[in-house]
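Structural overview for review
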Amino acid sequence: IYILYIKRCLPVVLTVDVFCLSERRNVLFVIADDLRTSLGCYGDPLAKSPNLDQLASRSQVFLNAYAQQAVCAPSRTSLLTSRRPDTTRLYDFKSYWRVHSGNYTTLPQYFKSRGYFTMSVGKVFHPGIASNYSDDYPYSWSIPAYHPASFQFEKKKMCKGEDGNLHANLLCAVNVTEQPGGTLPDLESTDEAVRLLKSRAAADVPFFLAVGLHKPHIPFRIPQEYLSLYPIKEMTLAPDPSVPKSLPPVAYNPWTDVRKRDDVQKLNISFPYGPIPKDFQLQIRQHYYAAVSYVDAQVGRLLSTLDNLGLADKTMVVFTSDHGWSLGEHGEWAKYSNFDVATRVPLIFYVPDVGTRRGRTTWPDKTNREVNMSKHGRDLIDSDIYFLRLCSLFFFFCCCCCFQEELCTEGDNLAYTFRHRERGEDEEAVSFSQYPRPADTPQENSDLPDLRDIKVMGYSLRTWDYRYTLWLGFNPQTFQVNVSDVHAGELYMLADDPGQDKNVYSDSDHSVLMKKMTPLPHVSLNAFL
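This report concerns the structure included in the present document. If you're wondering where the values come from, they're calculated on a predicted model, not measured in any experiment.

**Considerations on the environment of Val 295**
By the element assignment, Val 295 lies in helix α9 (residues 278-308). Through-space distance from the C-alpha of Val 295 to that of Lys 215 is 6.4 Å; in sequence the pair is 80 residues apart. The residues touching Val 295, leaving out its near neighbours within four places in the chain, are Ala 32, Leu 213, Lys 215, Pro 216 and Phe 319.

Here it is as structure tokens:
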């Protein structure tokens, strides 16, 4: 998804158009956890993702989609409410937006209000206080959300080490039959999703089924057979495995959650920049890609179920992720940054009878088909409006960010991309991400500071040819950013530096770039103005 300005506007009524059908479509919405664009349909030559590749061959695939904050709860809340973190005021995991910022309507809540039967399986909202310990039930869901029982073991000592004992490891490929209940969370979630699809197949009302897959989030507790898809001898290091000399310390994430795993602690890596040994880096990358293929297999099961139930021709399928994950680029691991590897996500929309394929849909289809790619850079919050437009729902669109406006949204409509091929890059397209820090230098809580500890906010602007980030002073009590308090800056010119390794901030005139920051909404908008 590429990036249009997020316009400041008065409420506008958007009506249904060429995508309207006499019968409203069902929706299967699948969201992975920590999945970057390491998929075959995104050009990754290593990834083995046949089911998602096949889905992409019949879908609109957005090449440049960016999360608003590269960590789970803020990103998911932003996506599902169509509001940026500066509006939800959620930068950590410790508040519920309806209480903390505003009683905003969520995407599934809106579908529910329009007669859809809405269901949640697995990790859709971030569990816990961030979704009121209920996954926002009953507002968003027609029935209580389902969570797999086996997830309770995810952070426990479940990984058999070389010593024969169980450990809480990062690398945790397992024999599933030896796990509690003989299963794993994503296997359970997919089973439940299949059951729900079968239960709704003959229903009179359309459904919205959201399925949140836990992988490739760490630990890499996955079926061990997926490792065989990626022989260690075929794995390579990241193309830029060292910390860039020009990287401001405030921009670096010290991957503390990775460091806490038993097998990583044994490596005795110095904090914060000490590199992981190369052989262990290769194993991390191997396990991550194996987890991606494991996720792909679960998506395949869901698609096959749609076909077997005769639902494929009347169900819109959407696949995305909450954010990416660094695999050694810039000497970093995990998410917690503003780099593309942490913010860029897959975003795939399949709409029956619209786009690249018409006629009867079957899954899987082994034929090779051209993937309908969109280079429009977009924020994930834009996808909410896309959903509603493509599902033939009338709705109000307001960018005013007022607390009383239940259907206010900060996204933009992308439905036109199904009918209109792009012609070159949009030089005015912009996407925004942000990340908080507690200090100018890396410390133990740099990756995930509590709200009260945030001192610096990194606002990042991504266009087709550069990424520009300013690290600005931030007041967590007033939620105000001080544009005159610049702690550091980053500027990467992507034509010559696609990996974002050469920071030329100190060499550049920033006046034009600062003007492009003004579309940032709410608090940050006021600051830049």
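**What about the packing of helix α1 (residues 50-57) against α9?**
Where α1 meets α9, the closest approach of the two axes is 7 Å, and the angle between their N-to-C directions is 55°. The orientation of α1 with respect to α9, classified from their angle, is oblique. Packed against α1, whose contacting residues are Pro 50, Asn 51, Leu 52 and Leu 55, the element α9 presents Asp 296, Ala 297, Val 299, Gly 300 and Leu 303 at the interface. Looking at the contact of α1 with α9 residue by residue, the classes come out as six nonpolar, two polar and one charged.

**Section: the packing of helix α6 (residues 185-200) against α9**
The angle between the axes and the distance between the axes are what describe a pair of packed helices. Packing of α6 against α9 leaves a shortest axis separation of 10 Å and a crossing angle of 10°. Here α9 runs roughly parallel to α6, going by the angle between their axes. Between α6 and α9, the residues in contact are Asp 186, Leu 187, Thr 190, Asp 191, Ala 193, Val 194 and Leu 197 and Tyr 294, Gln 298, Arg 301, Leu 302, Thr 305 and Leu 306, respectively. Partitioned by chemical class, the residues of the contact of α6 with α9 number seven nonpolar, three polar and three charged.

**Quick look at the sheet that holds strand β18 (residues 456-462)**
Spatially, four strands are ordered β17-β18-β19-β20 in an open sheet, and the strand pairing comes out antiparallel. At either end of the open sheet lies a strand with only one pairing partner, and these are β17 (431-437) and β20 (480-493). With direction set aside, neighbouring strand axes in the sheet form an average angle of 20°. Relative to β18, β17 runs antiparallel, the two sharing seven bridges. Note that in β18 the partner of Phe 432 across the bridge is Leu 461.

**Some points on the side chain of Thr 463**
Mapped onto the elements of the fold, Thr 463 is located in the loop between β18 and β19 (466-475). Reaching out from Thr 463, the side chain makes a polar contact with the side chain of Asp 465 at a distance of 2.7 Å.

**A short note on the environment of Tyr 110**
Within the secondary structure layout, Tyr 110 lies in helix α5 (residues 107-113). Along the sequence, Tyr 110 and Ser 140 sit 30 residues apart, while their C-alpha atoms lie 7.7 Å from each other.

**Considering the pattern of salt bridges**
Evaluation of the coordinates by the stated rule reveals 15 salt bridges. For Asp 33, the salt bridge is made with Arg 76, and the minimal N-O distance between the two is 3.7 Å. Placement of the pair is Asp 33 in the loop between β2 (26-32) and α1 and Arg 76 in helix α2 (residues 72-81), with a sequence separation of 43 residues. Owing to a relative accessible area of 1%, Asp 33 belongs among the buried residues under this scheme. We classify Arg 76 as buried; its relative accessible area is 1%. Across the pair Asp 33 and Lys 123 runs a salt bridge whose closest N-O atoms are separated by 2.7 Å. Pair noted here: Asp 33 is in the loop between β2 and α1 and Lys 123 is in the loop between β4 (117-122) and β5 (159-160), with a separation of 90 residues, a long-range link. Taken as a pair, Asp 33 and Lys 123 share a single burial class, namely buried. Here the salt bridges do not stand alone but share partners, grouping Asp 33, Arg 76, Lys 123 and Asp 322 into one network.

Cut-offs used in this document
Residues numbered from 1 in each chain as written. Predicted model: local features only at pLDDT ≥ 70, side-chain atom pairs only at ≥ 80, totals over all residues. Heavy atoms only, no water. Helix = DSSP H or I, 4+ residues; strand = E, 2+ residues; numbered from the N terminus. Contact = heavy atoms within 4.5 Å. Axes fitted to C-alpha atoms, helices over the stretch in contact; angles between N-to-C directions. Parallel < 35°, antiparallel > 145°, perpendicular 65-115°, else oblique. Nonpolar A, V, L, I, M, F, W, Y, C, P; charged D, E, K, R; others polar. Pairing = 2+ DSSP bridges. Polar contact = N/O pair within 3.5 Å; in protein donor to acceptor, adjacent residues only side chain to side chain. Salt bridge = Lys/Arg side-chain N within 4 Å of Asp/Glu carboxyl O. Buried < 20%, exposed > 50% of the residue type's maximum accessible area, 1.4 Å probe, protein only.

Honestly, that's just the spatial picture; any functional story needs more than this.
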